[in-house]
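# Coordinate analysis (summary)
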Amino acid sequence: MEKMASGKDLSIVISLYNEEESLRELIGWIEQVCDREGYSYEIIMVDDGSRDSSWNIIKELSSSDSHIKGISFRRNYGKSAALYCGFKAAQGRVVVTMDADLQDSPEEIPEMYRLVTEDGFDIVSGWKQQRKDNKLTKNIPSKLYNATARRITGIKLHDMNCGLKAYRNEVVKNIEVYGEMHRYIPYLAKNAGFDKITEKPVRHQKRKYGKSKFGVERFVNGFLDLLSLWFLSTFGKKPMHFFGFTGMLMFLAGGVLTIWIIVSKLIDQANGTAFRPVTEQPLFYLALVTLLLGFQLFLSGFICEMVSRNSSERNHYNIREEL
C-alpha cells in the first residue's frame, strides 16, 4: 500500500461544539474500524469553543492514545474555521471529515478510502439517502437547497452539505475554507482543478445525544454564500467582464432612449403636432436613471479591476507537477 512521507494512510478531522456525551463512543467506534482495516491513522479533533467539558475529554483521550490530536478555539468561530485548522494539520494520504454527533457512521470510511486511493477520485461526498431528521425542517429544505446548488455549481451531488466526505490530501492543502464555505468544499475544489468528484450513499443515524446546532436559517445563509462563491469564482479575477459589460449595456440602452425621445420631439415640432415637454415624460427619467446606473456600474468594474490587479492572489495558480 502506497503511503505518504508521514507514514499515515488516513487523517480523520472532526469539528465539534458541545458534544461531550458522544466523544468517547465516537472515538472508540472510529478506532475499531481503523484498527480492523489496518490503517495508520490520526484523529484530529477541533473543539470550536465548546462550553461543556468536550475539551477536557479530548485532552483525556489524547493523553492515553497517540492517534488523537486536539485543537481548541478560545471561542466559537464556526465549522469552516475548524475544518481549515484541521486540514492544515492533516498528514494522512486521505483526509476524512465527519461530525461528532454520531449521525455519521465510521463504517463508511473504508469504502470512501478505497474510492480515493484505488479509483482515483479527488473527493468522495456522502449522500444521506434515508435521512433521520425532521422532514419539514430538514429534509424538504435540504432537497431544495441541493437542487439549487447542483444547478449553480454544475456538480451533480445529491447532498452537498453532508459532513461525511473523503479527500485526497492534495485537495485540502490547495483550497482555503473560510466564512461559511464548508458547505461548498467540492465547488472550491472544482475551481482549484480537482474535478474528479463522486458521491457514495451513506447510512444516516438518528441523533443520539443533545440537539442540532444548526437551524433552518442555514439554508438561507447557504444560498447567499453560494451566490457569493459563484460570483467570485466566475468574475473574481475579471470583475470588469461583469460590471463593465452590464454597465455598457445599460448606458447604451439609456442613450438609445434619450436619442429616441429627442428625435420624437423634433419630428413632432417639424410636423406642427402637439408634443409633451421632454421633462414631463416618464420615459425621460427612466432613460436618465439607466444612463447613471450604467456609468456607475462601469466605474465600479474599473475600480474592482484595479483592486484585482493589485491583489496578492492575482498570480496564484495550482500547479499539478513540474518537470
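First, a word on what this report is: a plain description of the structure on this page. Note that the structure is a prediction, hence the values are computed from the model and not measured.

Next up on the list: the overall build of the protein chain. Counting its secondary structure elements, the protein chain contains ten helices and seven strands. Classification of the 323 residues of the protein chain by burial places 43% in the buried group. Considering only residue pairs separated by 6 or more positions, the protein chain has 80% of its internal contacts joining residues 24 or more positions apart. Here the protein chain has roughly 17,800 Å² of accessible surface; of this, 57% comes from carbon and sulfur atoms.

As a further point, take the sheet that holds strand S3 (residues 68-72). Here we have seven strands laid out as an open sheet, ordered S3-S2-S1-S4-S6-S5-S7, and mixed in their pairing. Where the open sheet ends on each side, the last strands, each with one partner, are S3 and strand S7 (197-201). Between one strand axis and the next, the sheet turns through 20° on average, direction left out of account. In the sheet, strand S5 (residues 123-127) pairs with strand S6 (residues 165-168) via three bridges, with the strands oriented antiparallel. Its bridge partner being in S6, Ser125 is matched across the sheet by Lys165. Against the sheet, helix H1 (residues 23-37) touches strand S1 (10-16), strand S2 (41-47), S3 and strand S4 (94-99), its axis set at about 160° to S2.

Turning to the pattern of salt bridges, a few remarks are in order. A complete count under the given rule lists ten salt bridges for this structure. Between Glu107 and Arg36 there is a salt bridge whose closest N-O contact spans 3.0 Å. Placement of the pair is Glu107 in the loop between S4 and helix H4 (109-117) and Arg36 in helix H1, with a sequence separation of 71 residues. Overall, the relative accessible area of 30% leaves Glu107 in the partly exposed class. With a shortest N-O distance of 2.8 Å, Glu42 and Lys69 are connected by a salt bridge. One end of the pair, Glu42, is in strand S2; the other, Lys69, is in strand S3, with 27 residues separating them in the sequence.

Within the element layout of this structure, Lys128 appears in the loop between S5 and helix H5 (135-153). Within the buried set, Lys128 has no salt-bridge partner at all; the shortest N-O distance to an opposite charge, 4.1 Å, is to Asp159. Setting aside residues no more than four positions away along its own chain, Lys128 makes contact with Asp159, Cys162, Val202 and His204.

Taking a probe equal in size to a water molecule and rolling it over the atoms shows the remaining empty space. One pass over the structure, following the stated rule, counts one cavity of 30 Å³ or more. Estimated volume of the largest cavity: approximately 70 Å³. In terms of lining, the largest cavity is formed by Lys79, Leu83, Thr97, Met160, Asn161, Cys162, Gly163, Lys165, Tyr167, His182 and Ile185. The set of elements that each furnish at least two residues to the lining of the largest cavity consists of helix H3 (79-89) and S6.

The next subject is the side chain of Gln103. Mapped onto the elements, Gln103 comes out in the loop between S4 and H4. A polar side-chain atom of Gln103 sits 3.3 Å from a polar atom in the side chain of His204.

By the burial criterion, the buried members of H4 are Ile109, Pro110, Met112, Tyr113, Leu115 and Val116. Its buried side turned inward, H4 meets S1, H1, S4, S5, S6 and S7.

By the definition in use, this model includes four aromatic pairs. Ring centres 5.3 Å apart and planes at 90° place the aromatic pair Phe73 and Tyr77 in the edge-to-face group. Taking relative accessible area as the criterion, Tyr77 reaches 44% and is therefore assigned partly exposed.

This part takes up the packing of H1 against helix H2 (residues 54-64). Contact pair H1 / H2: the axes reach a minimum separation of 10 Å and the direction vectors enclose 35°. Once H1 is placed against H2, the crossing between them reads as right-handed. Facing Leu23, Arg24 and Ile27 of H1, the residues of H2 in contact are Ser54, Ile57, Ile58, Glu60 and Leu61. For the contact of H1 with H2, the per-class residue count stands at five nonpolar, one polar and two charged.

It is worth spelling out the nonpolar core at this point. In this structure, Leu10, Ile12, Ile14, Ile30, Met45, Val96 and Met98 are the most contacted members of the largest nonpolar core, which totals 34 residues. If you list the elements that add at least two residues to this core, you get S1, H1, S2, H2, S4 and H4. Sequence-distant contacts of Ile12, defined by excluding residues within four places in its chain, comprise Ile30, Cys34, Glu42, Ile43, Ile44, Val96, Met98 and Ile109. Ile155, Met160, Val171 and Ile197 belong to the second-largest nonpolar core, a separate cluster that totals 30 residues.

What counts and what doesn't
- Residues numbered from 1 in each chain as written.
- Predicted model: local features only at pLDDT ≥ 70, side-chain atom pairs only at ≥ 80, totals over all residues.
- Heavy atoms only, no water.
- Helix = DSSP H or I, 4+ residues; strand = E, 2+ residues; numbered from the N terminus.
- Buried < 20%, exposed > 50% of the residue type's maximum accessible area, 1.4 Å probe, protein only.
- Contact = heavy atoms within 4.5 Å.
- Areas by Shrake-Rupley, 256 points an atom, 1.4 Å probe, with all protein chains shown as cover.
- Pairing = 2+ DSSP bridges.
- Axes fitted to C-alpha atoms, helices over the stretch in contact; angles between N-to-C directions.
- Salt bridge = Lys/Arg side-chain N within 4 Å of Asp/Glu carboxyl O.
- Lys, Arg positive; Asp, Glu negative; His and termini not counted.
- 1 Å grid on protein atoms, 1.4 Å probe; cavity = no way out; pocket = protein on both sides within 12 Å on 5 of 7 lines; lining within 4 Å.
- Points joined across faces, edges and corners; volume = space filled by probe spheres on them.
- Polar contact = N/O pair within 3.5 Å; in protein donor to acceptor, adjacent residues only side chain to side chain.
- Phe/Tyr/Trp six-rings, centres within 6.5 Å; stacked < 30°, edge-to-face > 60°.
- Left-handed = near helix turned anticlockwise from the far one by under 90°.
- Nonpolar A, V, L, I, M, F, W, Y, C, P; charged D, E, K, R; others polar.
- Core = buried A, V, L, I, M, F, W, Y, C linked by side-chain atoms within 4.5 Å.

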